[in-house]
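Architecture at a glance
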Amino acid sequence: MSGLDPAGIAEQLDKAATTATAIPQLAAEAGLDVDAAYGVQTALVQRRLDRGERLVGLKMGLTSKAKMAQVGVDEVIWGRLTDAMWVPDGGSVDVSTYIHPRVEPEVAFLLDRMPEPGEPLGAFTDAVRAVAPAIELIDSRYANFTFSLPDVIADNTSAAAFVVGPWSPVPDGLDNLGVLLEIDGRVAQVGSTAAILGDPRRALDEGVRLAGRHGVRLREGWVFLAGAATAAVPLRPGAQVRAVVEKLGTASLKAA
Ligand code: 0L1
Ligand code: MG
């Protein structure tokens, strides 16, 4: 098989992640469109599942204008989360196991009853059991953190690790909560949950719709990362990271 068929691209992306070595973009040369790129993502995540990892959720990417501008891609995308990516709140990550990691403050949902295929998503409060502040660690496997839309989709939307803070019951409003990203006690980014598609609840509608197009159904008990409220910030060794979301509290991470 050629290194530029879907399985070959998945293998190259997987090797880039496991060896923390950037690779050139592949989609243009391989003629990958968005649908084919989600096929590569499926094959890439399957390699993790074959090593014993478990699917624990779904993440949305590029849900804010700040994020779209940061990477020059202007479509909402989704990726898969596995248990091996889940870092306990307050836990640490080894920066040397990533290529060029960045962190961003997010809002997480703990999913409750999810629609059957073809069924509409019910009321948000029926679909979501709890909400939490979260940090996503993204790490593009492409050199210079530069990619096209199909490239980033194939690369599981740069998913690398995530932290979920304490779960709270769904508050009355989620659409305009203040968000801070602090590095070593200093404010690195300021934003609002309004930056997440106008209201992070919309991200769930989009996740169900977009993943459903590729036959992927969200599951009760999964974590759903709704997207970042600010641009992402490079993660340096020794950094102490905190994401603070008004009404929801704090998630934190140490970089070794
Ligand atoms: O979670 C995200 O918004 C990241 C999506 C992929 C683009 C990036 O790596 O910044
Ligand atoms: Mg993100």
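The sections below set out a description of the structure shown in this document. (Residues numbered from 1 in each chain as written. Chains lettered and ligands numbered in written order. Predicted model: local features only at pLDDT ≥ 70, side-chain atom pairs only at ≥ 80, totals over all residues. Heavy atoms only, no water.)

**A few points about the coordination of the magnesium ion (ligand 2)**
Here is the rule we go by: For Na, K and Ca the donor cut-off is 3.2 Å, and for all other metals it is 2.8 Å, counting N, O and S atoms only; because water is absent from this set, sites may look incomplete. Secondary structure elements are taken from DSSP: a helix is a run of H or I of four residues or more, a strand is a run of E of two residues or more, and numbering for both begins at the N terminus.
For the magnesium ion (ligand 2), the full set of protein donor atoms is Glu-104 (OE), Glu-106 (OE) and Glu-136 (OE), at a range of 1.9 to 2.0 Å. Donor residues binding the magnesium ion (ligand 2) come from one chain and are separated in sequence as E-x1-E-x29-E. Of this pair, Glu-106 sits in strand β5 (residues 102-111) while Glu-136 sits in strand β6 (residues 128-138), placing them 30 residues apart in sequence.

**Describing the environment of Thr-19**
We apply this condition: By the criterion applied in these results, polar contacts are pairs of N or O atoms within 3.5 Å in which, for protein atoms, one can donate a hydrogen and the other can accept it, and in which residues neighboring in sequence qualify only through two side-chain atoms.
Relative to the elements of secondary structure, Thr-19 occurs in helix α1 (residues 6-19). Along the sequence, Thr-19 and Leu-248 sit 229 residues apart, while their C-alpha atoms lie 36 Å from each other. A distance of 2.6 Å separates a polar side-chain atom of Thr-19 from the backbone oxygen of Lys-15.

**What about unusual backbone geometry?**
Note: most peptide bonds trans; most residues except glycine with negative phi. Filter applied, for reference: Each residue's exposure class comes from its accessible area (1.4 Å probe, protein chains only) as a fraction of the maximum for that residue type: buried when under 20%, exposed when over 50%, partly exposed otherwise.
A positive phi angle, close to 60 degrees, is found at Asn-144, a residue other than glycine. Topologically, Asn-144 is positioned in the loop between β6 and α6 (149-154). For Asn-144, a relative accessible area of 67% puts it in the exposed group. Even without being a glycine, Phe-145 presents a positive backbone phi close to 55 degrees. Counting through the fold element by element, Phe-145 comes out in the loop between β6 and α6.

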